[in-house]
Structures are given as structure tokens and as C-alpha cells.
Amino acid sequence: MTETTDVSALELAALMCSRVCHDVISPVGAITNGLEVLADEEDPEMKAHAMELITKSAAQASAKLQFARLCFGAAGSAGAELDLQDAKSVAEGLMMGERATLSWEAPAANIGKDYVKLLLNMILIGVAAIPRGGDVVVTVDGDMAKPTLRVRSTGQAARVPEEAAKFLAGRDPDRFLDARAAQPYFTGLVARSLGLSIDARMEGENFVIEALFADGGADV
């Protein structure tokens, strides 16, 4: 494997902040545009369209921020567990603004918050793998203290996202890490901090990203 180097905590924080801002700037901008129309437009039909835009964009911005809070943030105290149903809820909210649909195959259980963080980041990579839309299937199985996490994406022209291929396993010092690539890099960091191996690959025409313990999650 090519030698990798970690970025500084300060640099990574800046890159992840840029990523979150990029995700929410579009719906927030749409809200601003809708408010301007409401202020200047007299036509009732145009006002109705503007209100619809504001409502839809506000819901989208809220969904993206709720998702980012669990995906990138520090939800809960150290060692805390989170409900997988809460993870499902924020993932469903995010997917309402995507071309892909979500299929959730996970038990009703609590798992460590960093596993939830990892799973949500894997979903983002799974969505990126099918830019033309399709289905994203999320699976959590095995011992919930040491779960196996898997995301399978099915859709036209599914492929391993370029940034994931380059940065999921770490950063080659000769490659520039930008805000777009920071998310798969962060995903790999979270997986390794949990002691999991993570792999993104094609299985036939489907994209799969999987994180698991070397012992398959069995107690040792």
C-alpha cells in the first residue's frame, strides 16, 4: 500500500466545515430567493410558488443539518450509544432530497455513537456511487457491540466514487485533499479508530462499502 499521511486536526476541521456549508448553502439560498419573491411579488400564484419553495427548502436544510450533526458532529457523550432508529430517521430525511431511495435493514437496537457516525458517512459514499439515482440498501448485523456495517448501492452507472478510491484508506502525501474528498477520508479515519477494516468495491454492477472487524464481529 502507498504510504499515507494524516492531515492535522485543524485542517480536517476546516475541510469538514466547508463540506457542511456546501451541503446547506443551496437550500438556504433558495429560502432567501423565496423570501425576496414574497416581498416584491403581487401575483398570488407567484407568492404561492415562493411559499412552497421556502417550505421545501427549509425542510431540506433542516434534514441536512440533522444528518450532519450525527454524521460529523459529537452527538452524545464519550462512549454513548445511539438508537439505530434515530439514524434511520435522519438518513430518510436526507434521502428525500436525493435521487436515490433508502432501504434500511437493521435491528431496533442501540449501538455506539461512533458506529452510527461511520454508518451515516458510508451512506453518503453510497449515494455518491449512484449519481443517476437508484437504491441504497443499509445493513447492520452481527453482535451490536461489534457490528458489521454494509451499504450496497444499485443504480445505472454505479461506480466507486473517485474520492473514496483515493482517500478512504488514508491520504497519499502526493494527493491534494479538498473539502469534497475530506468526507471519505474522514470515513476511513472513523473506521480505523473503531478497529474496523473498511473497503469500497464493485460487486458486479453494484457498489458495496463494508466495515467489519477482522474476526467478523465475534467476541474474543
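Residues numbered from 1 in each chain as written. Predicted model: local features only at pLDDT ≥ 70, side-chain atom pairs only at ≥ 80, totals over all residues. Heavy atoms only, no water.

Undergrad: Tell me about helix α6 (residues 179-193), and name the residues and values.
TA: The end-to-end C-alpha separation of α6 is 21 Å, in line with the 21 Å expected for 15 residues at 1.5 Å each. Contacts made by the buried residues of α6 are with α1 (9-40), α2 (44-71), α4 (113-128), α5 (162-167) and β6 (197-203). Its side-chain oxygen 3.2 Å from the backbone nitrogen of Arg 180, Asp 178 forms the N-cap of α6. (Helix = DSSP H or I, 4+ residues; strand = E, 2+ residues; numbered from the N terminus. Expected span 1.5 Å × (residues − 1). Contact = heavy atoms within 4.5 Å. Polar contact = N/O pair within 3.5 Å; in protein donor to acceptor, adjacent residues only side chain to side chain.)

Undergrad: Can you tell me about the nonpolar core, naming the residues and giving the values?
TA: Counting residues in hydrophobic clusters, the biggest one holds 58 residues, and the most contacted among them are Trp 104, Leu 118, Leu 120 and Ile 209. Ranked by residues supplied to this core, first place goes to α4 with 10 residues. The residues contacting Ile 209, other than those within four sequence positions of it, are Met 122, Ile 125, Leu 149, Arg 150, Val 151, Leu 168, Ile 198, Asp 199 and Ala 200. (Core = buried A, V, L, I, M, F, W, Y, C linked by side-chain atoms within 4.5 Å. Buried < 20%, exposed > 50% of the residue type's maximum accessible area, 1.4 Å probe, protein only.)

Undergrad: Please provide a residue-by-residue account of helix α3 (residues 84-95), values included.
TA: Since the α-helix advances by 3.6 residues per turn, residues separated by three or four positions end up pointing in the same direction. End to end, α3 covers 16 Å across 12 residues, agreeing with the expected 16 Å (1.5 Å per residue, within 8%). Turning to α3, its buried residues are Leu 84, Ala 87, Val 90, Ala 91, Leu 94 and Met 95. Buried residues of α3, viewed axially, fall in a sector of 140°; they line one side. Against α2, β1 (81-83), β2 (101-105), β3 (110-112), α4 and β4 (135-141) lie the buried residues of α3. With a side-chain oxygen positioned 2.8 Å from the backbone nitrogen of Gln 85, the residue opening α3 is Asp 83. (Arc of directions from axis to C-beta.)

Undergrad: Before we move on, can you summarise the sheet that holds strand β7 (residues 206-212) with the specific residues and values?
TA: An order of β2-β4-β5-β7-β6 is seen for the 5 strands of this open sheet, with the pairing classed as mixed. At either end of the open sheet lies a strand with only one pairing partner, and these are β2 and β6. In this sheet, neighbouring strand axes are inclined to one another by 15° on average, regardless of whether the strands run parallel or antiparallel. Sheet analysis places strand β5 (residues 148-154) next to β7, joined by 5 bridges and oriented antiparallel. In the strand pairing of β7, Val 151 is matched with Ile 209. (Pairing = 2+ DSSP bridges. Axes fitted to C-alpha atoms, helices over the stretch in contact; angles between N-to-C directions.)

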